[in-house]
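Reading the structure
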Amino acid sequence: MYDTDKRKLLSAISHGAIFFSSTVVSIAVPIFILFTTEDPVVKSNAKEAINFHFNVWLCGLIIGVLATVTFGLLGFLFGIWFLVHWGLTIWALSHVLGDSEKPFRYPFIFRVF
């Protein structure tokens, strides 16, 4: 049996690291947790957080290119993506803190791991 409080904490830290996504170091948090824990739910949450990092960066890059090509006309997409990425993160945090028995899965993302 795994410690529920530890599971909640490590899962929340994995998902919450995305709040610092502007720093490349933020992805190191779920990677570190992935390789140091034995809990399968925490490992799954860490993998999902890593995948979400890649998606946030990829979408930011695509939106950045679109905004540049259109001379800023599509710059409003940054605001929309910011709200979506924070909203999904808050949803993930509320899920892992409320139901620690199953990992959170972000909708509509590409999964590398």
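All of the points below concern the structure found in this document. What you are looking at is a predicted structure, and each value in this text was computed from that prediction instead of being measured.

1. Thoughts on a nonpolar patch on the surface
- A cluster of nonpolar side chains, Leu58, Leu61, Ile62, Val65, Leu66, Val69 and Phe110, forms an exposed patch at the surface whose accessible area comes to about 670 Å².
- Overall, the relative accessible area of 62% leaves Phe110 in the exposed class.

2. Digging into the pattern of salt bridges
- The final tally for this structure, using the stated rule, is four salt bridges.
- Residues Glu101 and Arg7 are paired through a salt bridge, measuring 3.4 Å at the closest nitrogen-oxygen approach. Taken together, the positions of Glu101 in the segment after α4 (76-98) and Arg7 in helix α1 (residues 4-16) put the pair 94 residues apart, joining distant regions of the chain.
- Here the residues in one salt-bridge network are Arg7, Asp39 and Glu101, joined through shared partners.

Basis of the calculations
Residues numbered from 1 in each chain as written. Predicted model: local features only at pLDDT ≥ 70, side-chain atom pairs only at ≥ 80, totals over all residues. Heavy atoms only, no water. Patch = residues over 30% accessible without salt bridge, like charges linked within 9 Å, V, L, I, M, F, W, Y side chains within 5 Å. Areas by Shrake-Rupley, 256 points an atom, 1.4 Å probe, with all protein chains shown as cover. Salt bridge = Lys/Arg side-chain N within 4 Å of Asp/Glu carboxyl O. Buried < 20%, exposed > 50% of the residue type's maximum accessible area, 1.4 Å probe, protein only. Helix = DSSP H or I, 4+ residues; strand = E, 2+ residues; numbered from the N terminus.

On their own, these measurements won't tell you what the molecule is for.
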